[in-house]
Amino acid sequence: GNSVTQMEGPVTLSEEAFLTINCTYTATGYPSLFWYVQYPGEGLQLLLKATKADDKGSNKGFEATYRKETTSFHLEKGSVQVSDSAVYFCALNQAGTALIFGKGTTLSVSS
Amino acid sequence: DSGVTQTPKHLITATGQRVTLRCSPRSGDLSVYWYQQSLDQGLQFLIHYYNGEERAKGNILERFSAQQFPDLHSELNLSSLELGDSALYFCASSATGQTNYGYTFGSGTRLTVV
């Protein structure tokens, strides 16, 4: 069945460091891919998405490119801020199925 | 505010009891999804309703049930509660049954079973 695997955290960075959170997926066909973010005490918020191969999703300085050849959707940001501290979830969806999430990666950014 | 409203925000109850969690989807959204978030299992899909009809079931226990009402709000009923049912329960909504554009999540109900 479909699944999402993301790097285990926590990821601890200093402010202005470069961020990469790896995400790979297993799916038949062509799923849509998402990154969600969960701030402490809140629900999940859609951060960015890509619906077909080679699409790049971007939002708030975060980017991720849908790589079908490597079945990956890695999240990157060039310069993280303390306010980016949160849990990040990679997810996939195919028509007719609900969103499937990875286990989440905790990011902690210190000043 | 995401537009998805979940009540209550916190719930503490004893083992063996029954609780009802409520979700009002974002205005205009016809689909409601329920997820359970626990430290060891991560985010697990429970069930999906679209315009009052059950569309898909995930890892939902037989002790759990849900429904979506004509006004599109949804309720998740958890019965014969066990300590292991302690978790965050999220509701999400989307405009249709298709989810290429993602879901909008509520802020969750934290259930503690003691």
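Because the structure is a prediction, the values reported are computed rather than measured.

Draft legend 1. Main features of the overall build of chain A. Along chain A, the regular secondary structure elements total zero helices and twelve strands. For chain A, whose C-alpha radius of gyration is 13 Å, the value lies close to the compact-globule estimate of 13 Å for 111 residues. Every one of the 111 residues in chain A was classed for burial, and the buried ones make up 45%. Of all intrachain contacts in chain A linking residues separated by at least 6 positions in sequence, the fraction that spans at least 24 positions is 55%. Here chain A carries 8 positive and 10 negative side-chain charges, and the mean point of each set is 8 Å from the other.

Draft legend 2. Structural view of the side chain of Thr-109 of chain B. Residue and element names in this part refer to chain B. Residue position: Thr-109 is located in strand β11 (residues 109–113). The class for Thr-109 is buried, based on a relative accessible area of 0%. A distance of 2.5 Å separates a polar side-chain atom of Thr-109 from the backbone oxygen of Pro-8.

Draft legend 3. Representation of the pattern of salt bridges in the model. All names here are of chain A. In the structure shown here, the tally under the stated rule is seven salt bridges over all chains. Of the charged contacts, one joins Lys-52 and Asp-55 as a salt bridge, the two residues approaching to 3.3 Å between their closest N and O atoms. Overall, the relative accessible area of 52% leaves Lys-52 in the exposed class.

Draft legend 4. Structural detail: the interface of chain B and chain A. Each side of the interface is counted separately: chain B has 18 residues, and chain A has 18 residues. Roughly 1,400 Å² is buried in total at the junction of chain B and chain A, and carbon and sulfur atoms are behind 54% of that figure. The interface formed by chain B and chain A includes zero salt bridges. Linking chain B with chain A are four residue pairs in polar contact (both at pLDDT 80 or more), by the criterion used here. Secondary-structure elements contributing two or more residues to the side of chain B that touches chain A are β4 (31–38), β5 (42–50) and β9 (87–94) of chain B. With three residues, the top contributor of residues to the side of chain B that touches chain A is β4 of chain B. Grouping the constituent residues of the side of chain B that touches chain A by class yields nine nonpolar, eight polar and one charged.

Draft legend 5. Spatial organisation of the sheet that holds strand β7 (residues 64–68) of chain B. Residue and element names in this part refer to chain B. If you walk across this open sheet you meet the four strands as β1-β3-β8-β7, and the pairing is antiparallel. Whereas interior strands pair on both sides, the edge strands pair on one side only; in this sheet they are β1 (5–7) and β7. Neighbour to neighbour, the strand axes of the sheet diverge by 15° on average, direction disregarded. With five bridges joining them, β7 and strand β8 (residues 74–78) adopt antiparallel strand pairing. Counted as the bridge partner of Ala-66 is Leu-76 from β8.

Draft legend 6. The arrangement of the state of the cysteines in detail. Counted under the stated rule, the structure contains two disulfides over all chains. With a sulfur-sulfur separation of 1.9 Å, Cys-23 of chain A is cross-linked through a disulfide to Cys-90 of chain A. Every disulfide takes its handedness from the sign of the S-S torsion; for Cys-23 of chain A and Cys-90 of chain A that torsion is -70°, giving left-handed. Here the residue Cys-23 of chain A occupies a position in strand β4 (residues 23–26), and Cys-90 of chain A occupies one in strand β10 (residues 86–93), the gap between them amounting to 67 residues. Grouping residues by exposure puts Cys-23 of chain A and Cys-90 of chain A together as buried. In this model, Cys-23 of chain B is linked to Cys-91 of chain B through a disulfide, with the two sulfur atoms separated by 1.7 Å.

Scoring rules and cut-offs
- Residues numbered from 1 in each chain as written.
- Chains lettered and ligands numbered in written order.
- Predicted model: local features only at pLDDT ≥ 70, side-chain atom pairs only at ≥ 80, totals over all residues.
- Heavy atoms only, no water.
- Helix = DSSP H or I, 4+ residues; strand = E, 2+ residues; numbered from the N terminus.
- Rg over C-alpha atoms; globule rule 2.2 N^0.38 Å.
- Buried < 20%, exposed > 50% of the residue type's maximum accessible area, 1.4 Å probe, protein only.
- Contact = heavy atoms within 4.5 Å.
- Lys, Arg positive; Asp, Glu negative; His and termini not counted.
- Charge placed at Lys NZ, Arg CZ, Asp CG, Glu CD.
- Polar contact = N/O pair within 3.5 Å; in protein donor to acceptor, adjacent residues only side chain to side chain.
- Salt bridge = Lys/Arg side-chain N within 4 Å of Asp/Glu carboxyl O.
- Buried area = accessible area lost by both parts, 1.4 Å probe.
- Nonpolar A, V, L, I, M, F, W, Y, C, P; charged D, E, K, R; others polar.
- Pairing = 2+ DSSP bridges.
- Axes fitted to C-alpha atoms, helices over the stretch in contact; angles between N-to-C directions.
- Disulfide = S-S within 2.5 Å.

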